[in-house]
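Inside the fold
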Amino acid sequence: MLNRKQFLKTGLLGTIPLSGLGFSGKKKHVGSKPVVIATWFTALRANEAAWEILGNGGYALDAVEAGVMVEENDPKNMSVGYGGRPDREGNVSLDACIMDERGECGAVVFLQNYKNPISVARKVMEETPHIMLAGKGAQQFAKEQGFEEMDLLTPEAKKAWENWLKTSEYKPVVNIENHDTIGMLALDADGRLCGACTTSGAAWKMHGRVGDSPIIGAGLFVDPEAGGACATGLGEEVVKTAGSALIVEMMRQGHSPEEACKIAVDRIISRNKKAGKSLKNTQVGYLALNKDGAFGAYSIQKGFNYAVYNEDGNRRLDSGFRV
Ligand code: GLY
């Protein structure tokens, strides 16, 4: 396990030029490594699993996979993995994607009967010539890779669905049904930045619906030259604005992680304003981690929080918000 002294303060050279500008003329936003950040404070446990790897000098890709699997395996988390709320027909379908420090990626969409879509997504990245497998093809691939098939609908999720059927109203509640995804970004001691994103999607979605979480550039994006970003919340809004790709591009242009997340939130707000649509019942929260280990978050509504583990320990932070 690394001790405090062994932590590498990064970007120190970048602080030397007057005015804090690097050689490129861009402002440096300096953090430390290793570091892991994940959506929602419930990810404190997921961070512990990721830190087991990062704190021992391990690989960020292994860390994000192990981290988000904690939530996929937990039936009490009803928005990710086993025990996730089903679609309106009672089927649990999972979406996930993963990206490594080279910008390589893998994803699965509409995966049924396998509780760890993140590991299947990693196999897609590592074992196939493709980046995404869907539905029956994803299931077949998971089986071929030796993953265990199982029923993902727990008695609690079934009961919640039966209750929902009494009204069958599709009205996601901000920070509850919208509290739907774990996105995780990690920078390891060797400077490798990787990310993972996994979800059972919006509760009571239409059969076959896929949101932002498995879409590279929407739910997750990593560019080794700039940083990584991930999203939680109503996936349709994230996809329409290519949220995570936008954030990474803003960091490349010199914005801090928080500023970049705010720009992406503002993009959703201005797009909806022009379309005359209200965002009263919509939550989207973004996290960003730059290549120097600085991090930030921003959301549309109050109530989005996240978990960070770095040299200062594992802790909950609340994000800034727009309305
Ligand atoms: N953010 C997860 C989803 O909308 O499916």
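The following refers to the structure shown. (Residues numbered from 1 in each chain as written. Predicted model: local features only at pLDDT ≥ 70, side-chain atom pairs only at ≥ 80, totals over all residues. Heavy atoms only, no water.)

All residues adjacent to the ligand are D180, T181, T199, G201, A202, R209, G211, D212, S213, G233 and G235. Contacts to the ligand include G233, whose backbone N or O atom sits 2.7 Å from a nitrogen atom. Within the backbone of G235, one N or O atom sits 2.9 Å away from an oxygen atom of the ligand. Expressed as a share of its isolated accessible area of 200 Å², the protein-covered part of the ligand is 100%. When the residues that make up the shell around the ligand are grouped by side-chain class, the tally is one nonpolar, seven polar and three charged. (Near = heavy atom within 4 Å. Polar contact = N/O pair within 3.5 Å; in protein donor to acceptor, adjacent residues only side chain to side chain. Areas by Shrake-Rupley, 256 points an atom, 1.4 Å probe, with all protein chains shown as cover. Nonpolar A, V, L, I, M, F, W, Y, C, P; charged D, E, K, R; others polar.)

In the structure shown here, the tally under the stated rule is four aromatic pairs. Seen from their ring centres, F295 and Y306 are 6.4 Å apart, and the 75° between their planes marks the pair as edge-to-face. With F295 in strand β12 (residues 295-299) and Y306 in strand β13 (residues 305-310), this pair connects stretches of sequence that are eleven residues apart. On the basis of relative accessibility, which here comes to 24%, the residue F295 falls in the partly exposed class. (Phe/Tyr/Trp six-rings, centres within 6.5 Å; stacked < 30°, edge-to-face > 60°. Helix = DSSP H or I, 4+ residues; strand = E, 2+ residues; numbered from the N terminus. Buried < 20%, exposed > 50% of the residue type's maximum accessible area, 1.4 Å probe, protein only.)

Moving on, we come to the nonpolar core. Ranked by internal contacts, the top residues of the largest apolar core, which has 35 residues, are V36, L54, V64, I98, V108, I182 and M184. For V108, the contacting residues outside a window of four places in its chain are L94, D95, A96, P117, V120, A121, V124, L133, A138 and P214. Formed by 21 residues, the second largest nonpolar core is a distinct cluster that contains V265, I268, Y298 and I300. (Core = buried A, V, L, I, M, F, W, Y, C linked by side-chain atoms within 4.5 Å. Contact = heavy atoms within 4.5 Å.)

Trans is the prevailing form of peptide bonds, just as negative phi is the prevailing case for residues other than glycine. Omega for the peptide link from K33 to P34 comes to 0°, which places this bond in the cis form. Mapped onto the elements of the fold, P34 is located in the loop between β2 (32-33) and β3 (35-39). At W204, a position not held by glycine, the phi torsion is positive, near 65°. Looking at the element boundaries, W204 is found in the loop between β8 (193-199) and β9 (220-223).

Burial of strand β7 (residues 181-187) is extensive: seven of the seven residues sit out of reach of the surface. Residues T181, G183, L185 and L187 of β7 are buried on one face, and the alternating residues I182, M184 and A186, pointing to the opposite face, are buried as well. Both β3 and β7 contribute to a ladder of four bridges, which runs antiparallel. Its bridge partner being in β7, A38 is matched across the sheet by M184. In this sheet, β8 lies alongside β7 in antiparallel orientation, the contact comprising seven bridges. From the neighbouring strand, I182 faces β8, where its bridge partner is T198. Where β7 folds back on β8, the antiparallel hairpin that results is connected by five residues, among which G191 adopts a positive phi of roughly 80°. (Pairing = 2+ DSSP bridges.)

Let's shift gears to the pattern of salt bridges. Scanning the model with the defined rule gives 20 salt bridges in all. Between R122 and E65 there is a salt bridge, with the nearest N and O atoms lying 2.8 Å from each other. Taken together, the positions of R122 in helix α3 (residues 117-127) and E65 in helix α2 (residues 60-73) put the pair 57 residues apart, joining distant regions of the chain. Both residues of the pair, R122 and E65, count as buried. Linked by salt bridges that have partners in common, D62, E65, R122 and E126 make up one network. (Salt bridge = Lys/Arg side-chain N within 4 Å of Asp/Glu carboxyl O.)

With mixed pairing, the eight strands of this open sheet are ordered in space as β6-β5-β4-β8-β7-β3-β13-β14. The sheet terminates laterally at β6 (132-134) and β14 (313-318), the two strands that pair on one side only. In this sheet, adjacent strand axes meet at a mean angle of 10° when their direction is disregarded. Looking at chain direction, strand β5 (residues 105-111) and β6 are connected through three bridges and run parallel. Across the sheet, residue V109 finds its bridge partner in β6, namely A134. Where α3 meets the sheet, it contacts β4 (94-99), β5, β6 and β8, and its direction lies at approximately 130° from that of β5. This element, helix α4 (residues 135-144), spans β5 and β6 of the sheet and lies at about 105° to β6. (Axes fitted to C-alpha atoms, helices over the stretch in contact; angles between N-to-C directions.)

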